[in-house]
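Structural characterization, general
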Amino acid sequence: MAQIGKLLLLPGDGIGPEVMAQVRRLIDWLATHRDVQFAIEEGLIGGSAYDDCGAPLSDATMASAMAADAVLLGAVGGPKWDALPFDKKPERGLLRIRKEMGLFANLRPAIVFDALADASSLKRDRVEGLDILIVRELTGGIYFGEPKGIEDIGGGQRRGVNTQVYTTEEIVRVGRVAFELAKKRGRRVCSVEKSNVMESGLLWREEITKLHGAEYADMELAHMYADNCAMQLVRAPKQFDVIVTDNLFGDMLSDEAAMLTGSLGMLPSASLGQADAGGRKALYEPVHGSAPDIAGQGIANPLATVLSFAMLLRYSFDRQAEADAIEAAVRDVLDGGMRTADILQPGMAKVSTSVMGDALLRALDKGIA
Ligand code: NAD
């Protein structure tokens, strides 16, 4: 059986290893039933890495990440490591891996499974069938722009400064990711900024418009101001297909969109780097953290990590059929009334992490895709 690529698994801390164990079972299932096999390495990140080697990410694990075709991460952090100095904290491992892999595009899908539509903060008819994708620029903009800092300006006054800055290259590369993804979905991109009041927003709009005209003229492009987009996401979210936006607006809009789906335990994400001859660096992870309050109890919802793995199959390995099969299995299990505690609804069966994994395997066996 041929291996289709190198996969690095980083379970991390808290519930990370528990949810990753369920993905391991899916990986085994794919090897047995779909002839899809990976060369797998497993490494430590976060607090568990600190306990092992005194740093939240070792150079050796970082090198494995650079050599991998894709990285799947669980979660990092927990009270055990809260008192560590800043550069040793579990979250530093995550920041390092994202930075060194050059992950500039963050993909956050907001998908509402029919069975969970009532868990949304919006009415069922607004969110039923929702399937949107937010592409957020991740390495530029106001969180990184210079000058920044807090300075004393005399007379007991201080001044805090952050700089919103984008270049053509930064805008075009994330724009291209959005158009390429939209090509495989509804072929519609909505570019979001505040070009009415920000020069960087005006540049963003001009560059995206140019890119559209030059390379993607057969697709639909719309522009929207970020404040209006925030309103539209709660008024009529189904109008969107792919939204592309900068780091700051994307931070907020992707969290807003996440809440449309109801539960943190259901939300996958992907972060992509530059495509080159060797492929594209990519890291996949659930949106949730290490959930120390429920770690070790075997009750965590594994579906966000399972759906992150489906994204990995889709975007890093172009395995659409296998990604579809896993997403269909998730749908099937939810339709069948199985729920971990975090998504429990009246009349449904409360199940553990591993029983949810059993159910996914049974759904895959049924060949429902
Ligand atoms: P969290 O996402 O870990 O938990 C928030 C709440 O959601 C908790 O009540 C938790 O039990 C619940 N929850 C989260 N994921 C769940 C799942 N899969 N199934 C069932 N319930 C789930 O956020 P937090 O409590 O703010 O942070 C805990 C730790 O995780 C902190 O150390 C934080 O720094 C870290 N963190 C890590 C990441 C990451 O690794 N990407 C992201 C966010 C927070």
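What comes next is a walk through the structure. Every chain begins its residue count from 1, and numbering advances along the sequence as written. Per-residue local features of the predicted model are confined to residues with pLDDT of at least 70, and side-chain atom pairs are confined, for both listing and counting, to 80 or more; whole-chain, interface and lining totals are unaffected and use all residues. Where side-chain values are given, they derive from all heavy atoms of the structure, hydrogens and water being excluded.

1. Overview of the packing of aromatic side chains
Any pair of Phe, Tyr and Trp rings, taking the six-membered ring for Trp, is counted once the centres come within 6.5 Å. Such a pair is stacked with planes under 30 degrees apart, edge-to-face with planes over 60 apart, and tilted for the rest. On inspection of all chains with the given rule, the structure shows four aromatic pairs. Taking the centre distance of 6.4 Å and the plane angle of 65° together, the rings of Phe38 and Phe309 count as edge-to-face. In this pair, Phe38 sits in strand β2 (residues 37-42) while Phe309 sits in helix α10 (residues 303-316), placing the two residues 271 residues apart along the sequence. Buried residues are those whose accessible area, probed at 1.4 Å on protein chains only, stays under 20% of the maximum for their type, while exposed residues exceed 50% and partly exposed ones sit between those limits. Relative accessible area serves as the criterion here: at 6%, Phe38 is assigned to the buried category. Taking relative accessible area as the criterion, Phe309 reaches 0% and is therefore assigned buried. With a centroid separation of 5.0 Å and 70° between ring planes, the pair formed by Phe38 and Phe317 is classed as edge-to-face. In this pair, Phe38 sits in strand β2 while Phe317 sits in the loop between α10 and α11 (320-335), placing the two residues 279 residues apart along the sequence. Owing to a relative accessible area of 12%, Phe317 belongs among the buried residues under this scheme. Among the aromatic residues, ring-to-ring pairing joins Phe38, Phe309 and Phe317 into one connected group. Numbering goes from the N terminus for both helices and strands, where a helix is a DSSP run of H or I of at least four residues and a strand is a run of E of at least two.

2. Topic: the pattern of salt bridges
Salt bridges are defined by distance alone: a side-chain nitrogen of Lys or Arg within 4 Å of a carboxyl oxygen of Asp or Glu. On inspection of all chains with the given rule, the structure shows 24 salt bridges. Across the salt bridge formed by Glu180 and Lys183, the nearest N and O atoms sit 3.5 Å from each other. Of this pair, Glu180 and Lys183 both sit in helix α6 (residues 168-183), three residues apart, which is roughly one turn of that helix. Given the relative accessible area of 33%, Glu180 is considered partly exposed. A cluster of three or more residues bridged by salt bridges with shared partners is formed by Asp59, Arg96 and Glu100.

3. Regarding unusual backbone geometry
In terms of backbone geometry, most residues other than glycine have negative phi values and most peptide bonds are trans. In this structure, Pro147 follows Glu146 across a cis peptide bond, with omega equal to 0°. With respect to the element layout, Pro147 can be found in the loop between β5 (131-137) and β6 (149-154). Positive phi, normally seen in glycine, also occurs at Arg187, with a value near 60°. With a relative accessible area of 31%, Arg187 lands in the partly exposed category.

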